[in-house]
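Topology and contacts: notes
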Amino acid sequence: MNNPFPNISIKKILFLHGFTSGGNCDIAHTLIDALQGEVEVVSPDLPLHPTDALEFVRHLCVTEKPDLIVGSSCGAFYAQQVVRTEGIPALLINPFFMMSEFLEPRIGTHAYKCKREDGVQTFEVTPELIKEFMQIEQHQFDLYDDFNKDRAWGLFGTQDHLAHFKTKFSEYYSTIRTFDGGHTIEPQNVRSVLAPMIKEMLATVHPLHERYFRHFKGNLYRMWHIALDSETMERKVVYQALYGEHGYWCRPEKMFFEVIERDGKRIPRFHEIDKNEVEQ
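Conventions we followed
- Residues numbered from 1 in each chain as written.
- Predicted model: local features only at pLDDT ≥ 70, side-chain atom pairs only at ≥ 80, totals over all residues.
- Heavy atoms only, no water.
- Helix = DSSP H or I, 4+ residues; strand = E, 2+ residues; numbered from the N terminus.
- Rg over C-alpha atoms; globule rule 2.2 N^0.38 Å.
- Buried < 20%, exposed > 50% of the residue type's maximum accessible area, 1.4 Å probe, protein only.
- Contact = heavy atoms within 4.5 Å.
- Areas by Shrake-Rupley, 256 points an atom, 1.4 Å probe, with all protein chains shown as cover.
- Expected span 1.5 Å × (residues − 1).
- Pairing = 2+ DSSP bridges.
- Axes fitted to C-alpha atoms, helices over the stretch in contact; angles between N-to-C directions.
- UniProt positions renumbered as here; feature names shortened; annotations may be inferred.
- Salt bridge = Lys/Arg side-chain N within 4 Å of Asp/Glu carboxyl O.
- Phe/Tyr/Trp six-rings, centres within 6.5 Å; stacked < 30°, edge-to-face > 60°.
- Core = buried A, V, L, I, M, F, W, Y, C linked by side-chain atoms within 4.5 Å.

A few points about the overall build of the protein chain
The helix and strand tally for the protein chain stands at 9 helices and 15 strands. Taken over the C-alpha trace, the protein chain has a radius of gyration of 19 Å; the compact-globule value for 280 residues is 19 Å, and the two agree within 12%. Over its C-alpha atoms, taken along the principal directions, the protein chain stretches across nearly 60 × 45 × 40 Å. Counting every position in the protein chain, which comprises 280 residues, the buried fraction comes to 50%. For the protein chain, contacts bridging at least 24 residues in sequence account for 60% of all contacts bridging at least 6. Carbon and sulfur atoms form 49% of the exposed surface of the protein chain, whose accessible area is close to 14,200 Å².

Digging into helix H7 (residues 187-204)
Given 3.6 residues per helical turn, the α-helix brings residues three or four places apart onto the same face. Compared with the 26 Å implied by 1.5 Å per residue over 18 residues, the 24 Å span of H7 between its first and last C-alpha is a close match. Along H7, the positions that sit buried rather than exposed are Asn189, Val190, Leu194, Ala195, Met197, Ile198, Met201 and Leu202.

Re the sheet that holds strand S11 (residues 235-241)
Across the sheet, 5 strands lie side by side as S12-S11-S10-S9-S15; this open sheet has antiparallel pairing. Either end of the sheet is taken by a strand with one partner, and the two such strands are strand S12 (248-252) and strand S15 (270-273). If you compare each strand with its neighbour and ignore which way they point, the axes differ by 40 degrees on average. In this sheet, S15 lies alongside strand S9 (residues 211-215) in antiparallel orientation, the contact comprising 4 bridges. For His215, the partnering residue across the bridge sits in S15 and is Phe270. Running at roughly 85 degrees to S9, helix H3 (residues 74-86) makes contact with S9, strand S10 (220-228), S11 and S15 of the sheet.

What about the UniProt feature "domain: DUF1653" (unreviewed entry) in the protein chain?
UniProt's feature table lists "domain: DUF1653" (unreviewed entry) at residues 212-271, given in the numbering used throughout. Between the end C-alpha atoms of residues 212-271 there is a gap of 8 Å, over a span that is 8% helix and 58% strand.

Thoughts on the pattern of salt bridges
Across all of its chains, the model carries 14 salt bridges by this definition. When the shortest N-O distance is used, the salt bridge between Lys12 and Glu64 registers 3.0 Å. Of this pair, Lys12 sits in strand S1 (residues 11-16) while Glu64 sits in helix H2 (residues 50-64), placing them 52 residues apart in sequence. Among the residues examined, Lys12 registers a relative accessible area of 15% and is labelled buried. Residue classification places Glu64 among the partly exposed residues on the basis of a relative accessible area of 25%. Taken together, the salt bridges that share partners define one network made up of Arg58, Glu86, Arg235 and Glu253.

Remarks on the packing of aromatic side chains
Per the stated rule, a full pass over the model turns up 24 aromatic pairs. Taking 5.4 Å as the distance between ring centres and 55 degrees as the angle between the ring planes, the aromatic pair formed by Phe96 and Phe165 counts as tilted. Linking Phe96 in the loop between strand S4 (90-93) and helix H4 (99-103) with Phe165 in the loop between strand S7 (152-157) and helix H6 (166-170), this pair joins segments that are 69 residues apart in sequence. Summarising the burial analysis for this pair, Phe96 and Phe165 share the class buried. Summarising the aromatic geometry, the rings of Tyr112 and Phe123 are spaced 4.8 Å apart at their centres and angled 45 degrees between planes, so their arrangement reads as tilted. In this pair, Tyr112 is assigned in the loop between strand S5 (108-111) and strand S6 (122-125) and Phe123 in strand S6, connecting sequence segments 11 residues apart.

Overview of the nonpolar core
Judged by nonpolar contacts, the single largest core of 42 residues is most densely connected at Phe19, Tyr78, Met99, Leu103 and Phe133. Taken together, the elements giving at least two residues each to this core come down to S1, H2, H3, S4, H4, S6, helix H5 (127-137) and S7. Broken down by element, this core gets its largest block of residues, 7 residues, from H3. If near-sequence neighbours (up to four positions away) are discounted, Met99 is found in contact with Phe19, Cys74, Phe77, Phe133 and Glu137. Counting 26 residues, the second-largest nonpolar core is a separate cluster that includes Cys114, Leu155, Leu194 and Ile198.

Re the sheet that holds S1
Ordered in space as S2-S1-S3-S4-S7-S8, the 6 strands form an open sheet in which the pairing is parallel. Among the strands making up the open sheet, the edge pair consists of strand S2 (39-42) and strand S8 (175-179). Each strand axis lies, on average, 20 degrees off the axis of its neighbour in the sheet, ignoring direction. Across 4 bridges, the pairing between strand S3 (residues 68-72) and S4 is parallel. Residue pairing for S4: Val70 is matched across the bridge by Leu91. Against the sheet, helix H1 (residues 26-34) makes contact with S1, S2 and S3, and its axis sits at roughly 165 degrees relative to S1, the strand it touches most. Sheet strands in contact with H7 are S1, S2, S3, S4, S7 and S8, and its direction is about 170 degrees off that of S7.

As structure tokens, this is what we get:
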């Protein structure tokens, strides 16, 4: 779903749908209508498997360069995990942080709730798929840095009887809003609550184009790029020391962003900081 106003500079959001849905869902269509002329909505079909979906979302962050990621349910599960690595803020609608719990009683073949571009209209929940979700769930907050506590906002339905993760969300992030509705946000709430919240986020929380970090030992660095290893396709961070000879370095992305334990405390290996902290 592309920008209908190619000659006008407008903001862009990447919408990530729920597990049983697709990019052609009612939420996406309502957002396109509600934000017309102000915000471009990119709403792709997500792969069934979470490892593939996360890789796809990260690729879209690079190619589409969205100003904001908006995720619903399982889409919010994915969105939360890329906030820190991609430097893009996210709005999570009824995030489902334990998808394995949703899938375990649903082993078997099911139909997608809307038409998907590849023409495939059914999917299968298998023990292997559940195990894949469980493995990712165990590490979904591993890269969290409190620099991002205000960069992911949560929107929760007061009548959501399917997902119950507002308390979990509040352990990491500070902005919580509610709407009078269930797990899948209805068109009227998309217009009256979600669309205005998106506009508010776009105006106040921005993607990070210059990124600076303090190593846990104290030295400062600037992150320049995410690069792919030509042999293994592993994602690596290219960064520059802001001291001494200002040399350039690279290390695996997972290692760069990981949380480590020192003196009995869990801390980011590289803690993100504002540019003004570097200039002081």
